[in-house]
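Listed below are the residues making up each chain.
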Amino acid sequence: MEIIHSDKIITVIRRGLNLIDKRLTEHGVKVMLVLQDMLNADGCRDMELKKTLSLLALLHDIGAYRTEEIDDLVKFEIGNVWQHSIYGYLFLREFTPLGDWAEVVLYHHADCSIVAKRPKAIRRYAQMLHVADRAVVWHDEVKGSGSQLENHFQRRLGTAFSPDALNLWRQCQQSGTFDKLDDPAYLDGALSCCCLSDEEARDYLAMVIHAIDFRSRDTVTHTMGVMEIGLRLAQHMGFDEAMCQKVYYGAMLHDLGKIGTPVSVLEKPGRLTPEETAVMQHHVVLSGQIIDGCVEETVAHIALRHHEKLDGSGYPLGLTEEELTLPERLLTTADIVSALCMSRSYKEAFSKERCLSILHDMLDRGQLDSRVVSVMETFFDEIMTQADLMCRPLRETYERISAEYQTILEQYT
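In what follows, the accompanying structure is described.

Per the secondary structure count, the chain includes 23 helices and zero strands. Taking 413 residues into account, the globule formula puts the C-alpha radius of gyration at 22 Å, and the chain, at 23 Å, falls close to it. With the C-alpha coordinates aligned to their principal axes, the bounding extent of the chain is approximately 70 × 40 × 40 Å. A buried classification covers 56% of the 413 residues belonging to the chain. Within the chain, counting contacts between residues at least 6 apart in sequence, those at least 24 apart form 72% of the total. Of the roughly 17,300 Å² of accessible surface on the chain, 49% is carried by carbon and sulfur atoms. In the chain, the 43 positive side-chain charges and the 63 negative ones have mean positions that sit 5 Å from each other.

Listed below in structure tokens is the structure:
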């Protein structure tokens, strides 16, 4: 059973990245296009290398989702942007097949003198990515001409930018790369070399999901928790294997739109204002925009209806009992339990007793399905033990990344 085809994963990633900040819309794709043209100018015929570097270009600012250095990223003369570079490097190294190549992202804003002692390939491609990134910012934000950009590059030749990388850029400039950035057809074409295997597709999809939850220690295991709780509930309720998988993937995708929700709202301590609540609730709409046409319809509905309630009080559609399937109702409960049973910036983790009490209160108000709540109550200890077991490695990875992040940050700042 195909939940989401591997060739749709890049589309999902592209749409998600475009929601981080409107100033970065298509930024990764444009940097990818420039880098590919630089590789072509260099005579690169290694399609696997071109694919790897293209994916690095597409994802090079993934760390900005967590650190929110975007104000600096869209300036041509940038300040200290090590935070998102370090986090992006660690994240890509840990959660994608890019492995050691992720170090290119670590140094994609570094002066050529800083990378002088790194392996030749890392040094060279980091500088090429650096030039490609700045060329796109110049085009989109500064809105200067190609000749003006050349003057800026020339002034920092040998300090910020290597002669080799700038020479390749000049060849691209002569062949019209700068003008291609205004043509959607060229941007779509740049993605054609990013064909993923089924295994790679799963890895990259998981990476995007983790990027959302890894924004803070409080939320690091939320989606994984919903996935495990939802799957166990589905199994105990006698769903067949196909539907269990649909619930699992629906849970995986359910908060995807939070990539477009400001961290100030996601992690605000205390009660949200009505305006902030509206922004938070909009994440479901954003999720729909990201997965539209990319995911099997039943899975999409499970993912996008996890805040609907049987009495019509949920969002974003205000659906009622007659309009919500059992798998959709199940994921609503799984999401609530995951949120209740872990700490957040605004609350401590709730006990089993308090969690079940809240579920029963919602049941009494006609908001939840009694069959799902009954199964959750009956198998609570087993389900939560299994969920905790599955989430533990992710928590340990988060702590390891956080520690390494601080070590590298102290080295370069």
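At a closest axis distance of 9 Å, the pairing of helix H20 (residues 326–340) and helix H22 (residues 370–378) adopts a crossing angle of 45°. In terms of axis orientation, H20 runs oblique to H22. The handedness of the crossing between H20 and H22 comes out as right-handed. For the pair H20 and H22, contact is made by Leu326, Arg329, Leu330, Thr333 and Val337 and by Arg371, Val372 and Met376, respectively.

With that out of the way, let us pick up the packing of helix H15 (residues 241–253) against helix H19 (residues 297–304). At their nearest, the axes of H15 and H19 sit 8 Å apart, and the two run at 50° to each other. As summarised for this structure, H15 and H19 are arranged oblique, according to the angle between their axes. Along this stretch, H15 crosses H19, giving a crossing that reads as right-handed. Contacts from Met243, Lys246, Val247, Tyr249, Gly250 and Leu253 of H15 reach H19 at Thr298, Val299, Ile302 and Ala303.

Time to look at unusual backbone geometry. Trans is the common state for peptide bonds, and a negative phi is the common state for residues other than glycine. For the peptide bond that leads from tyrosine 315 to proline 316, omega is 10°, which places it in the cis range. Within the secondary structure, proline 316 sits in the loop between H19 and H20. We note that glutamate 26 has phi near 65°; this positive angle belongs to a residue other than glycine. Mapped onto the fold, glutamate 26 is located in the loop between helix H1 (6–18) and helix H2 (27–41). Among the residues examined, glutamate 26 registers a relative accessible area of 15% and is labelled buried. Despite not being glycine, lysine 143 has its phi angle at roughly 60°, a positive value. Along the chain, lysine 143 falls in the loop between helix H8 (120–142) and helix H9 (146–155).

Here we come to helix H13 (residues 198–213). Across its 16 residues, H13 extends 23 Å between first and last C-alpha, which sits within 8% of the 22 Å expected from 1.5 Å per residue. Those residues of H13 not exposed but buried are Glu200, Ala201, Tyr204, Leu205, Met207, Val208, Ile209, His210, Ala211, Ile212 and Asp213.

Position of aspartate 369 relative to the elements: it lies in the loop between helix H21 (352–364) and H22. We classify aspartate 369 as buried; its relative accessible area is 3%. In this structure the side chain of aspartate 369 is engaged in a polar contact, spanning 2.7 Å, whose partner is the side chain of arginine 329.

With that out of the way, let us pick up the side chain of glutamine 127. Along the chain, glutamine 127 turns up in helix H8. The residues contacting glutamine 127, other than those within four sequence positions of it, are Ala110, Asp111, Cys112, Ala160, Phe161, Ser162 and Ala165.

To continue, consider the environment of histidine 139. Here histidine 139 is to be found in helix H8. Between the C-alpha atoms of histidine 139 and aspartate 179, which are 40 residues apart in sequence, the distance is 9.1 Å. The residues contacting histidine 139, other than those within four sequence positions of it, are Phe178, Leu181 and Asp182. Polar contacts involving the side chain of histidine 139 include one to the side chain of aspartate 140, which spans 2.6 Å.

Rules and cut-offs
- Residues numbered from 1 in each chain as written.
- Predicted model: local features only at pLDDT ≥ 70, side-chain atom pairs only at ≥ 80, totals over all residues.
- Heavy atoms only, no water.
- Helix = DSSP H or I, 4+ residues; strand = E, 2+ residues; numbered from the N terminus.
- Rg over C-alpha atoms; globule rule 2.2 N^0.38 Å.
- Buried < 20%, exposed > 50% of the residue type's maximum accessible area, 1.4 Å probe, protein only.
- Contact = heavy atoms within 4.5 Å.
- Areas by Shrake-Rupley, 256 points an atom, 1.4 Å probe, with all protein chains shown as cover.
- Lys, Arg positive; Asp, Glu negative; His and termini not counted.
- Charge placed at Lys NZ, Arg CZ, Asp CG, Glu CD.
- Axes fitted to C-alpha atoms, helices over the stretch in contact; angles between N-to-C directions.
- Parallel < 35°, antiparallel > 145°, perpendicular 65-115°, else oblique.
- Left-handed = near helix turned anticlockwise from the far one by under 90°.
- Expected span 1.5 Å × (residues − 1).
- Polar contact = N/O pair within 3.5 Å; in protein donor to acceptor, adjacent residues only side chain to side chain.

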